[in-house]
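Here is how the chains run, residue by residue.
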Amino acid sequence: MNCPNFERLVDFVDKRLEEREAARVAAHLASGCGICGQTTSWYEQVRETVESDDSVAPPSWVFKRALRVFDAPQRKGLRLTERIGHAIASLVFDSFARPALVGVRSTETTNRQLLYRANDYNVDLQISGLEHSSADLMGQILKEHAEEFDSVSGLNLELARKDEVTASAVTNDIGEFKFSGVEQGVYELRVTLSEGSVTVPNIPVGEP
Ligand SMILES: [Zn+2]
């Protein structure tokens with residue numbers, strides 16, 4: 001099994017996964033994956049901190065979790081696909097930006113989690129290998145209220161730095177993608193959708 005993405009790990013800790021999916025994540029963690037182990041223990045600590053300290057505002061993605069990406073049952077045909085034009089995604093969560101939880105940060109060093117959002121789309125990014133001169137950029141695109149992955153599979157992606165496309169990729173059947181060996185720099189990820197496009201700006205690969 002590839003590393004489960006951030007949302008799935010969070011769902012696992014929160015015991016929101018189906019039994020089969022939970023068993024897969026548990027098996028992956030039991031296999032000793034350091035990155036996922038760090039992410040899981042970091043989230044467990046964050047959850048404890050947030051629960052035990054009223055002065056710590058829960059990060060915005062905690063509220064996002066309450067909305068649940070796939071929970072809302074939609075009657076088929078009710079929700080029309082709207083053209084979204086060229087949307088710019090905004091940053092919802094950054095695992096490096098949590099000043100209130102400085103004590104927790106030491107458990108996670110070279111792995112950065114970022115969550116962006118544009119319209120109904122969530123773009124989940126994981127930057128790993130930051131200790132090397134080039135990093136891996138993995139991610140998943142999810143559409144809220146979508147029961148299936150049709151709208152996020154087979155999407156064309158372009159990674160650009162200073163307006164120059166440096167790599168391209170296509171999402172797999174559950175919206176996941178990976179760019180390997182990305183040089184340090186600030187990137188833009190362009191996602192082509194059937195109803196427009198989403199651009200994720202200012203992705204900090206290797207920037208503090
Ligand atoms: Zn893993």
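A word on the pattern of salt bridges
Counted according to the given criterion, the structure contains 8 salt bridges. The shortest N-O distance in the salt bridge between E195 and K143 comes to 3.4 Å. Linking E195 in the loop between strand 9 (185-193) and strand 10 (196-205) with K143 in strand 5 (residues 134-143), this pair joins segments that are 52 residues apart in sequence. For the salt bridge of R190 with D163, the shortest nitrogen-to-oxygen distance reads 3.6 Å. In this pair, R190 sits in strand 9 while D163 sits in the loop between strand 6 (156-161) and strand 7 (164-170), placing the two residues 27 residues apart along the sequence. Overlapping salt bridges, with partners in common, bring together E158, D163, E188 and R190 in one network.

Remarks on the packing of helix 1 (residues 6-13) against helix 2 (residues 19-30)
At a minimum axis distance of 10 Å, the contact between helix 1 and helix 2 shows a crossing angle of 100°. One element, helix 1, and the other, helix 2, form an angle in the roughly perpendicular class. Taken together, the residues of helix 2 that come into contact with helix 1 (itself represented by R8, L9 and F12) are E21, A22, V25, A26 and L29. Looking at the contact of helix 1 with helix 2 residue by residue, the class counts come to 6 nonpolar, no polar and 2 charged.

Here's the deal with helix 2
In this model helix 2 runs 16 Å from its N-terminal to its C-terminal C-alpha over 12 residues, within 8% of the 16 Å that 1.5 Å per residue would give. Three or more residues of helix 2 are buried, namely E21, A22, V25 and H28. Relative to the axis of helix 2, the buried residues are bounded by an arc of 120° and lie together on one face. Seen from the buried face of helix 2, the exposed residues on the opposite side, beyond 90 degrees, are E19, R20 and A30. Once helix 2 ends, the next one or two residues include G32, with phi positive near 90°.

Some remarks on the coordination of the zinc ion
For a metal bound by four donors in a tetrahedral arrangement, the ideal donor-metal-donor angle is 109.5 degrees, while six donors in an octahedral arrangement ideally sit at 90 or 180 degrees. Note on the zinc ion: its protein donors are C3 (SG), H28 (NE2), C33 (SG) and C36 (SG). The metal-donor distances range over 2.0 to 2.4 Å. Within one chain, the residues donating to the zinc ion are spaced in sequence as C-x24-H-x4-C-x2-C. Comparing H28 with C36 shows no difference in burial state: the two are buried.

A word on the pairing of strand 3 (residues 112-118)
Burial analysis of strand 3 places 6 of its 7 residues in the buried class, which makes it a mostly covered element. Pairing between strand 2 (residues 90-94) and strand 3: 4 bridges, direction antiparallel. The partner of S90 across the bridge, within strand 3, is R117. Where strand 3 lies against strand 4 (residues 121-128), 7 bridges are found, and the strand directions are antiparallel. When the bridges of strand 4 are listed, L114 appears paired with L125. In sequence, strand 3 turns back onto strand 4 through a hairpin of 2 residues, with N119 there showing a positive phi of about 50°.

Rules behind the numbers
Residues numbered from 1 in each chain as written. Predicted model: local features only at pLDDT ≥ 70, side-chain atom pairs only at ≥ 80, totals over all residues. Heavy atoms only, no water. Salt bridge = Lys/Arg side-chain N within 4 Å of Asp/Glu carboxyl O. Helix = DSSP H or I, 4+ residues; strand = E, 2+ residues; numbered from the N terminus. Axes fitted to C-alpha atoms, helices over the stretch in contact; angles between N-to-C directions. Parallel < 35°, antiparallel > 145°, perpendicular 65-115°, else oblique. Contact = heavy atoms within 4.5 Å. Nonpolar A, V, L, I, M, F, W, Y, C, P; charged D, E, K, R; others polar. Expected span 1.5 Å × (residues − 1). Buried < 20%, exposed > 50% of the residue type's maximum accessible area, 1.4 Å probe, protein only. Arc of directions from axis to C-beta. Donors = N, O, S within 2.8 Å, 3.2 Å for Na, K, Ca; no water. Pairing = 2+ DSSP bridges.

Any functional reading would require information that these geometric values do not contain.
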